[in-house]
Structure formats: structure tokens, C-alpha cells
Amino acid sequence: WDGEMAPRPKKPQPKRPGKGKSSCVGALAEIQRKREERRTLQAQEKNRKDAELKEHGDDTGYKFRRLIKAFRDTLPPRNSKQIVPVQSSSKLCVYVRKRPLSKKELAAKGYDVITCLQAKELICHEPKFKVDMSESLENHQFSFDGVFHETEDNDMVYKLSVGPWIPSLVQGNGILTVFAYGQTGSGKTYTMKSVYRQAANDLFSQLKAHAKGSVTVGVSFYDIYKNGVCDLLNQRKKVQALEDNEGVVQLLGLTELPISNETMLTDLVDKGEASRITSINGVHDDSSRSHAILRVTLYSGSQIGGNVEARLSMVDLAGSERACETQTDDKSTRMEGAEINKSLLALKECIRAMDRGAKHLPFRQSKLTQILRDSFMCETSKTVMIATVSPCSEHSNHTLNTLRYADRLKEINSRDD
Ligand code: ADP
Ligand code: MG
């Protein structure tokens, strides 16, 4: 059998519905309809975008601004009178000051991402995009001893934060240290210059009224840049910082001048600020890279060098954003960044330890904290931290960093979510 297989009978095919000439036309029509639908939608979207562009131009943040406004509209009006000086028992007070948007920021369509709630709370609205690319806000709430709104002026900031502690200095009691922390351009120097002036004013008027014996007020102004100390009242001359037998750092040869009124102090500050920005070696021409310390000491007796009765140190810290410059290609900038980072972290740790009442403080971790050792170690020392923030959307990341730093100085605080 040569075995040629008989062809199998064909299976009957099931009849497909809609097959045939007329169903083909139907499918094409459907495709056509869908295409047109898509085109109409695309045209509508384009018209909407064109209209938006016409209305808002390059103002890409208007949706975020609208969301922030909607949030604020739900809030009760702010009553700044509720900010009150903190209890005298507390060693550490932390404040945040928000500056107004600058003309430049407004011109660049920047918008305000900081909402001050009542006296002690604020919210930083972080602009975010959802997965579908729609705009949303992540609201970070913080709580401090006081929050100053952009319309609250230098007088108010001083009266509530630093002013309440001056009487204890006049009574010859302890050490007060005031810090301004924040990004470059956030208002540290603006705030501190007013603190210098008003503190001197209060000191002299209170000394006149209450001083028990004769008191001499001495002023030094220096900055710390890359671990070196420079005398701002003596053409940025290098000053040696040496630890004495008791572990206290002495600044050898640092200029200290007697003053007897507020104007003498502001004149010295102006002189020092000028030498801070015009450096001697031409490399360090940016005041945001150094910590500037104005030290006012009350000596008993009629000259500088007597018994130290009290000390007020006012510190305009290096720009906090510099601490992030540890990834740049420029070696010098990277080293500066690392040094600033180290000192700001050491400062945080020392303040936290002081606030906790810890016995050992990590003040040896940086020159800044080593020099300010007594500000953390003394029984009677008080610390006021004023964190300054820019309200501008463009800086929201740095602003959040500043708020987190300030928030973590105190053990007990409402945390960022
Ligand atoms: P920083 O010392 O932190 O780099 P500045 O103190 O130099 O910042 O402030 C930057 C700019 O913003 C300055 O022009 C200053 O006058 C202005 N400024 C800062 N804070 C305020 C404020 N609270 N109100 C008005 N202007 C301010
Ligand atoms: Mg400054």
C-alpha cells in the first residue's frame, strides 16, 4: 500500500459575525470617529494651553500660588500679639523670621511658600508634581518659640527674642549668645545688625540705671573662616586661638575696644563689616563663607581686663547652603563647604546637649564651638537662635533645611511630618 492518505474533510468554519463588506466599512468609520474625537480633544487642550500662556505668560507657578491661596483662605487672621517672650527658666529659645519677597524674586515670578499660622507655628508649602503631572503641595508644619512674619519689624523681633535677656546681663549674671542661622540672602545680617544696635542701646540705658559699681564694656569683632580666626577690627589680622589650662580658648592679640554708647558700637560694626567683605588676600571676598562674632563683655572696674561680669556674643553664621557645597569640582569651595558643614553640625549638637542638660558637650568638633564653649557650658548661659528664611518658592529646599535644623535644636518640639 503506497499509503497516500485520503484528504480529510474540511471542518465547517463558524460564521464570524460582521464579516463582509458592510462590517469593514463600519470598522473604518469607527476608527475615523475615534481619530476625530482625539483631534478635537487635542485642539481643545492646545486652545486651553494657549489661553493659559496668554493669561499667565511664563508664570509657571500660578497653579501652586492658587493652591497656596486656597489654603490660606481657610485660616483665621493672624494675631502677632500672641508672640510672647519665653519663660526665664528656659536656656534655649528658637525663633524663625521670614523676610518679604524681594523685588528681584517678584520679577522672576517667585511666590511665597511660607504661611505663618499663629504666634508659634508656620507651614512651608513644598511645590510637588503628582504622577499625572498635576500640581500639588506638600505642607510641612513646624513649631518654634515664636515665628515672625515678613511685616514684623526689627524692633519687634528684638523686643521679643533678645531684649528680655539683657537685664540678667546687667545684673552681672551669665552669658547670652544669639545666633542667626540661614541661607545666604535670607536676612541674617539684616537681623543681626539691628540686634547689635538695640542690645547696645538697652545695655547702656540699663547699666546707667542699675549698675552696682563701675562697669567697663569691651567690644571685639572677629570671624572664623576655614578654622582660622581673623580680627575684623584690625584689618582681618590672623588671631591665634589657644586653649588655656581650664580648656577655655583664648584669642591672643584680638582687639578689644572700650565703648560707652550705642553709636560707638555701630561704628565698630560698620568698620568690621567693611573689612569682612573686602578681604586682604582676595580669595575670601564673600562674607557668607565665614561666621562673624561680635563679642560684648562687661568687666567690673574702670578698664578692660577686669573680672568678667557678663558676656553677650552675637553670631552671624555662614550661609547654611554653603554646607551643601561638598560635591563641587572646585577643591577650595568643597573644603570650605565641609568646614562650614562640620561647624554647623557641631553647633547643633552642642546646643542640643546644652538644652538636654548633658554633662559632656562635643564642643571640640569645630573651632566655632570651641571658641564659644562657655556659651554652652555655663550654668547661667542662655542661647537665642533666630533662623532666617526666604519666602521664595525658588528657595523652598534650603528653607526646609533651615526649618529642620532649627526644629531639631530642641528635644521636645512638634516634628516635621
Ligand atoms: P544674609 O546676611 O542672610 O545673607 P541679608 O541680611 O544680607 O542676608 O539680607 C539680604 C537682603 O534682604 C538685603 O538686601 C536685606 O536688606 C533684605 N532683607 C533681609 N531681611 C529683611 C526683612 N526682614 N525685611 C526687609 N528686607 C530684608
Ligand atoms: Mg550676611
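First, a word on what this report is: a plain description of the structure on this page. This structure is a prediction, so every number in the text was calculated from the model and none was measured. In this convention, every chain numbers its residues from 1, walking through the sequence in written order. Lettering of chains starts at A and numbering of ligands starts at 1, both following the order in which they are written. Predicted model: local features are reported for residues with pLDDT of at least 70 only, side-chain atom pairs are reported and counted for 80 or more only, and whole-chain, interface and lining totals are derived from all residues. Note: side-chain values were computed over all heavy atoms of the structure, leaving out hydrogens and water.

**With respect to unusual backbone geometry**
Although it is not a glycine, Lys109 sits at a positive phi angle of roughly 65 degrees. When you line up the elements, Lys109 lands in the loop between helix H3 (103-107) and strand E2 (114-116). Although it is not a glycine, Arg236 sits at a positive phi angle of roughly 55 degrees. With respect to the helices and strands, the residue Arg236 is situated in the loop between strand E8 (228-231) and strand E9 (237-243). What counts as a helix is a DSSP run of H or I of at least four residues, what counts as a strand is a run of E of at least two, and both are numbered from the N terminus.

**Re the site of ligand 1**
Any residue with a heavy atom lying within 4 Å of a molecule or strand is counted as near it. Neighbouring ligand 1 are the residues Arg97, Arg99, Pro100, Gln183, Thr184, Gly185, Ser186, Gly187, Lys188, Thr189 and Tyr190. Between an oxygen atom of ligand 1 and a main-chain N or O atom of Ser186, the distance comes to 3.3 Å. Any pair of nitrogen or oxygen atoms within 3.5 Å is treated as a polar contact; in protein, a donor-acceptor pairing is required on top of that, and neighbouring residues in sequence qualify only through side-chain atoms on both sides. One nitrogen or oxygen atom from the main chain of Tyr190 is found 2.7 Å from an oxygen atom belonging to ligand 1. Protein chains bury 64% of the 560 Å² of accessible surface belonging to ligand 1 in isolation. The Shrake-Rupley method, run with a 1.4 Å probe sphere, supplies the accessible areas, and residue values consider only the shown protein chains as cover.

**Details of the packing of helix H6 (residues 188-210) against helix H7 (residues 262-277)**
Note on definitions: angles span 0 to 180 degrees between N-to-C directions of axes, and those axes are lines fitted to C-alpha atoms, for helices only across the stretch in contact. It is at 8 Å that the axes of H6 and H7 come closest, and there the two elements cross at 155 degrees. Classified by the interaxial angle, the pair formed by H6 and H7 is roughly antiparallel. Of the two elements, H6 crosses H7, and the hand of that crossing is right-handed. Counted together, Thr189, Lys193, Tyr196, Arg197, Ala200, Asn201 and Phe204 of H6 and Glu262, Leu265, Thr266, Val269, Asp270 and Glu273 of H7 form the full contact between these two elements. Only Asp, Glu, Lys and Arg are considered charged, only Ala, Val, Leu, Ile, Met, Phe, Trp, Tyr, Cys and Pro nonpolar, and every remaining residue, Gly among them, polar. Split into classes, the residues belonging to the contact of H6 with H7 amount to 5 nonpolar, 3 polar and 5 charged. Under this scheme an angle from 65 to 115 degrees is roughly perpendicular, one under 35 degrees roughly parallel, and one over 145 degrees roughly antiparallel; angles in between are oblique. Handedness of a helix crossing follows the sense of rotation of the near helix relative to the far helix, less than a right angle counterclockwise being left-handed and clockwise being right-handed. Any two residues having at least one pair of non-hydrogen atoms within 4.5 Å are treated as being in contact.

**Description of the pattern of salt bridges**
Any carboxyl oxygen of Asp or Glu within 4 Å of a side-chain nitrogen of Lys or Arg constitutes a salt bridge here. As enumerated under the stated definition, the model contains 23 salt bridges in all. Glu30 is paired through a salt bridge with Arg33; the nearest N and O atoms lie 3.1 Å apart. Here Arg33 and Glu30 lie together in helix H1 (residues 21-56), a separation of 3 residues that amounts to about one turn. Each residue is placed in one exposure class: buried if its accessible area under a 1.4 Å probe, protein chains only, is under 20% of its type's maximum, exposed if it is over 50%, and partly exposed if it falls in between. Under the relative-accessibility criterion, Glu30 is labelled partly exposed at 34%. Here Arg33 falls in the partly exposed class, since its relative accessible area comes to 42%. Between Arg48 and Glu45 there is a salt bridge, and its shortest N-O distance comes to 3.0 Å. Highlighted residues: Arg48 and Glu45, both in helix H1, separated by 3 residues, approximately one helical turn. Taking the relative accessible area as the measure of exposure, Arg48 reaches 39% and is therefore partly exposed. With relative accessibility at 34%, the residue Glu45 sits in the partly exposed group. In this structure, a network of salt bridges that share partners links the residues Glu30, Arg33, Lys34 and Glu37.

**With respect to empty space enclosed by the protein**
Within this scheme a cavity is a closed region of a 1 Å grid, computed over the protein atoms alone, that accommodates a 1.4 Å probe without allowing it to escape, whereas a pocket is open but has protein on both sides within 12 Å along at least five of seven lines; lining residues each have an atom within 4 Å of a point. Grid points are joined across faces, edges and corners, and a volume is the space filled by probe spheres set on the points. If you walk through the whole model with that rule in mind, you get 2 cavities of 30 Å³ or more. If you add up the space inside the largest cavity, you get close to 90 Å³. As for the largest cavity, its lining consists of 13 residues, of which Ile224, Asn227, His291, Glu339 and Ser343 are closest to the centre. For the lining of the largest cavity, the secondary structure elements donating two or more residues are strand E7 (215-225), helix H8 (331-356) and helix H9 (367-371). In terms of residue count, the dominant contributor to the lining of the largest cavity is H8 (3 residues). Its residues assigned to classes, the lining of the largest cavity shows 4 nonpolar, 5 polar and 4 charged.

**Considering the side chain of Thr216**
Within the secondary structure, Thr216 is located in strand E7. In this structure Thr216 comes out as buried when scored by relative accessible area, which is 10%. In terms of polar contacts, Thr216 uses its side chain to reach the backbone carbonyl oxygen of Ser302, at 3.4 Å. Of note is the side chain of Thr216, whose polar atom sits 3.1 Å from the backbone nitrogen of Gln303.

**Quick notes on the layout of surface pockets**
Volume-wise, the largest pocket comes out at about 450 Å³. Along the walls of the largest pocket sit 23 residues, with Val248, Val249, Arg295, Arg311 and Asp374 positioned nearest its centre. Sorting the residues of the lining of the largest pocket by element identifies strand E6 (174-182), strand E10 (249-252), strand E12 (291-300), strand E13 (308-316), H9 and helix H10 (373-377) as the ones contributing at least two each. Per element, the largest residue contribution to the lining of the largest pocket is 5 residues, and it comes from E13. A breakdown of the residues in the lining of the largest pocket according to their chemical character gives 12 nonpolar, 5 polar and 6 charged.

**Notes on the pairing of strand E3 (residues 121-129)**
We call two strands paired when DSSP finds no fewer than two bridges between them. Bridge count between E2 and E3: 3 bridges; the pairing is antiparallel. Among the inter-strand pairings, Ile114 is bridged to a residue of E3, identified as Cys124. Connecting E2 to the next strand, E3, in antiparallel fashion are 4 residues. Pairing between E3 and strand E4 (residues 135-143): 9 bridges, direction antiparallel. Looking at E4, one finds that Leu122 is bridged to Phe142. As consecutive antiparallel partners, E3 and E4 are separated by 5 residues, and within that stretch Met133 has a phi angle of approximately 70 degrees, a positive value.

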